[in-house]
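Coordinate analysis (summary)
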Amino acid sequence: MTAPRPPRGGRAEVERAILAAVAEIVPGVARADITADKHLRDLGADSVDRVEIILSVLDRLGVREPLASFSDLPNIGALTEFLYERMGK
Amino acid sequence: MSTAPIGIEALNVYCGLARIPVAALFAGRGLDPARLPNLMMDQKSVALPCEDPVTNAVNAAKPLLDRLDPVERASIELLVTSTESGVDYSKSVASYVHEQLGLSRRCRTIEVKQACYAATAGVQLAAAYVASGLSPGAKALVIGTDVSVVDERAEYTEPAMGTGAAAMLVGDRPRVLALDQGAFGLHSYETFDSARPGPTFDVADSDRSLFAYIDCLRGAFRDYADRVEEAGFAETFDLLAMHTPFAGIVRAAHRAVMRDVRPAPSRQEVETDFARRLEPSLRYPRLVGNLCSGSVYLALASLLDAADVEGGARVGLYSYGSGCASEFFSGVVDGESAAAVREARIGDHLAARFEVDFAEYTELLAGNARCLVPERDRPAEAARCAPLLSRFGIERELLVFNGTKGYHRQYEWTTAGAA
């Protein structure tokens, strides 16, 4: 039996990638406002911005994933968990 | 299968008689103007109460047919209307269009539906029929035609929804676009990103739709590259034309696909590439709004009117329809293609649309809102529309919707722009 591959930098790496991507695409957002319970739209990101943020996060983490996988995630916390789980694969 | 050239012989669009600046609609609805830069839309065509999917289709195709000789007209033996604005569950839009265009009775007449993708399915199936050689010299007329049924409930989608039609004559003398036969890529699966469950309203999930549009572009291009040796998104196509629900999605999709290019281009290189290969295709869509399945062909017309193709150019085309189905395909254009589209004077017709303010827009929207709703006997209203028709800046022959008798839709030819 093979042990599952350990996630690279853990949740903290995912969180850093999300913070950096949000800062790049919607620069006016204060870091303190980027909390797990918020959706990206709550930060003023429109649908085009949300695409850019997700693609930027995927690039930063080196993860390949269809955008459709992100359609139903309710908030940044769920986004973090989803990416953390994907990094383990 | 024949290897003789096959493709689009003639192309024309009809994008209505009226328009509203997108900024005026934003102001009227109280939408956030900070969203305008990502929307990238300038104007929106507005339908009149006497316009519907049938009149849009006929008004797009009629000028194109008027330039054919009687033998060429008689060789149209397939008429396909593609629409998500059907007027009946059984009787096709094509049946009315066939009558109003005076096409030969030796003609297959059908309507197809797959949201904004279906016109490309029509073009490709028609091209395959022509290429089969089963009926030498046969031509097909494919018309993507729609009306917008969205209002303030659609929020930021409303300013980007257009109205109108694109008509493509498919045959073996492809003056406008010679298809690269066998060079196509497909990507389709079931999703509920947007739909029209009834004749008066759309439902849409903007994230799901935008994500599917981009996933499908990547997937369809991967399939294209599997079929076409050494094809690369960055280098194979001199120009690109894509389905344009709003121009900002085309920019976002281009950026997304350019992330797959190796070596990775810089952000500046991506922006320069977008300006060079895609902006010519966006000029008309930005002035009209989403034409649904006709949209990619409005983008092609825009490209041919705006880009320099005198030396010949390979164009990559991307068609996407919610639900969803998509295709990436390609063809070759040249100076003759540009000359053919120039004959349609599309830019002049767009400029001739009369401008309405927000108050008049809401009146027209209400007047057009029930054009897809079945009514046994709807009063004639072509005469009431006459003052509106006269405000169009170019005199032209026009078909208008004139009510129903026992559910049978009535149409009338008139003259617009005669003031």
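In this text, all values refer to a predicted model and were calculated from it rather than measured experimentally.

Now for the overall build of chain B. The number of helices and strands found in chain B is 15 helices and 16 strands. For 419 residues, the compact-globule estimate of 2.2 N^0.38 gives 22 Å, and the C-alpha radius of gyration of chain B, at 20 Å, lies within 12% of that figure. Once the C-alpha set of chain B is aligned to its principal axes, its extents read approximately 60 × 55 × 40 Å. Sequence-distant contacts in chain B: of pairs separated by 6 or more residues, those separated by 24 or more amount to 77%.

Now for the UniProt feature "domain: Carrier" (unreviewed entry) in chain A. Taking the numbering used here, the UniProt-annotated feature "domain: Carrier" (unreviewed entry) corresponds to residues 9-87 of chain A. Within residues 9-87 of chain A, the helical portion is 54% and the strand portion 0%, while the C-alpha atoms at the span's ends are 9 Å from each other.

All names here are of chain B. This structure, assessed with the given rule, holds 15 aromatic pairs over all chains. Ring centres of F221 and F233 lie 5.6 Å apart, and the angle between their planes is 80°; on these two criteria the pair is classed as edge-to-face. With a gap of 12 residues between them, F221 in helix 7 (residues 206-227) and F233 in the loop between helix 7 and strand 11 (239-242) connect regions that are remote in the sequence. Members of the aromatic cluster, connected to one another through ring pairs, are F221, Y224, F233, F237 and F328. Seen from the ring of Y156, R35 lies directly overhead, with NZ or CZ sitting 3.8 Å from the centre. Cation over ring: K62 sits above W413, and NZ or CZ is 5.4 Å from the ring centre.

In this section: the pattern of salt bridges. Residues and elements named next belong to chain B. As enumerated under the stated definition, the model contains 38 salt bridges over all chains in all. A salt bridge links R378 to E381, with the nearest nitrogen and oxygen atoms 2.5 Å apart. You'll find R378 and E381 in the same group, each marked buried.

According to UniProt, the feature "domain: Hydroxymethylglutaryl-coenzyme A synthase N-terminal" (unreviewed entry) maps to residues 71-172 of chain B in the numbering used here. This span, residues 71-172 of chain B, is 27% helix and 27% strand, and a straight line between its end C-alpha atoms measures 15 Å.

The next subject is the nonpolar core. Among the nonpolar cores identified, the biggest contains 71 residues, and I53, F70 and L83 of chain A together with Y213, I214 and F328 of chain B are the most heavily contacted of them. Not counting chain neighbours up to four residues away, the residues in contact with F70 of chain A comprise I54, L58, E65, L79, F82 and L83 of chain A together with F211 of chain B. Counting 54 residues, the second-largest nonpolar core is a separate cluster that includes V54, A94, L101 and L372 of chain B.

Let us look at the packing of helix 2 (residues 47-61) of chain A against helix 7 of chain B. It is at 10 Å that the axes of helix 2 of chain A and helix 7 of chain B come closest, and there the two elements cross at 55°. The angle between helix 2 of chain A and helix 7 of chain B falls in the class oblique. Where helix 2 of chain A crosses over helix 7 of chain B, the handedness of that crossing is right-handed. Contacts between helix 2 of chain A and helix 7 of chain B involve S47, V48, R50, V51, I54 and L55 of chain A on the former and, on the latter, S206, D207, L210, F211, I214 and R218 of chain B. Looking at side-chain class alone, the contact of helix 2 of chain A with helix 7 of chain B contains seven nonpolar, two polar and three charged residues.

Here we come to the packing of helix 1 (residues 10-25) of chain A against helix 2 of chain A. Residue and element names in this part refer to chain A. Running from N to C, helix 1 and helix 2 cross one another at 140°; their axes reach a closest spacing of 9 Å. Our classification of the angle between helix 1 and helix 2 gives oblique. Judged by the twist between their axes, the crossing of helix 1 over helix 2 is right-handed. Judged by residue contacts, E13, V14, A17, I18, A20, A21, V22, E24 and I25 of helix 1 engage D49, E52, I53, S56, V57, R60 and L61 from helix 2. When its residues are assigned to classes, the contact of helix 1 with helix 2 shows 10 nonpolar, one polar and five charged.

A word on the environment of D215 of chain B. Within the secondary structure, D215 of chain B is located in helix 7. Exposure remark for D215 of chain B: the relative accessible area of 9% places this residue in the buried category. Once the C-alpha coordinates of D215 of chain B and R227 of chain B are considered, the two residues, 12 residues apart in sequence, prove to be 19 Å apart. A distance of 2.7 Å separates a polar atom in the side chain of D215 of chain B from the backbone nitrogen of A68 of chain A.

Let us look at the interface of chain B and chain A. Listed as interface residues are 19 residues of chain B and, on the opposing side, 20 residues of chain A. Note on chain B versus chain A: buried area summed over both sides is about 1700 Å², and carbon and sulfur give 49% of it. The largest per-residue losses of area from chain B upon contact with chain A belong to N38, F211 and R259 of chain B, which jointly make up 35% of the total buried on that side. Between chain B and chain A we count seven salt bridges in total. Where E52 of chain A meets R255 of chain B, a salt bridge forms, and the shortest distance between an N and an O atom there is 2.8 Å. On the surface where chain B and chain A come into contact, there are eight residue pairs in polar contact (both at pLDDT 80 or more).

Moving on, we get to the side chain of T55 of chain B. Along the chain, the position of T55 of chain B falls in helix 3 (residues 53-66). Setting aside anything within four residues of it in sequence, one finds T55 of chain B in contact with C50, L399, V400, F401 and Y411 of chain B.

What follows concerns helix 6 (residues 118-132) of chain B. Residue and element names in this part refer to chain B. Relative to the 21 Å expected for 15 residues at 1.5 Å per residue, helix 6 spans 21 Å between its end C-alpha atoms, a close match to the ideal helical length. With 12 of 15 residues buried, helix 6 is to be regarded as a mostly interior element. Three or more residues of helix 6 are buried, namely A118, A119, T120, A121, G122, V123, Q124, A126, A127, Y129, V130 and A131. Of the residues one or two after helix 6, G133 is the one with positive phi, at around 75°.

Criteria and thresholds
- Residues numbered from 1 in each chain as written.
- Chains lettered and ligands numbered in written order.
- Predicted model: local features only at pLDDT ≥ 70, side-chain atom pairs only at ≥ 80, totals over all residues.
- Heavy atoms only, no water.
- Helix = DSSP H or I, 4+ residues; strand = E, 2+ residues; numbered from the N terminus.
- Rg over C-alpha atoms; globule rule 2.2 N^0.38 Å.
- Contact = heavy atoms within 4.5 Å.
- UniProt positions renumbered as here; feature names shortened; annotations may be inferred.
- Phe/Tyr/Trp six-rings, centres within 6.5 Å; stacked < 30°, edge-to-face > 60°.
- Lys NZ or Arg CZ within 6 Å of the ring centre and 35° of its normal.
- Salt bridge = Lys/Arg side-chain N within 4 Å of Asp/Glu carboxyl O.
- Buried < 20%, exposed > 50% of the residue type's maximum accessible area, 1.4 Å probe, protein only.
- Core = buried A, V, L, I, M, F, W, Y, C linked by side-chain atoms within 4.5 Å.
- Axes fitted to C-alpha atoms, helices over the stretch in contact; angles between N-to-C directions.
- Parallel < 35°, antiparallel > 145°, perpendicular 65-115°, else oblique.
- Left-handed = near helix turned anticlockwise from the far one by under 90°.
- Nonpolar A, V, L, I, M, F, W, Y, C, P; charged D, E, K, R; others polar.
- Polar contact = N/O pair within 3.5 Å; in protein donor to acceptor, adjacent residues only side chain to side chain.
- Buried area = accessible area lost by both parts, 1.4 Å probe.
- Expected span 1.5 Å × (residues − 1).

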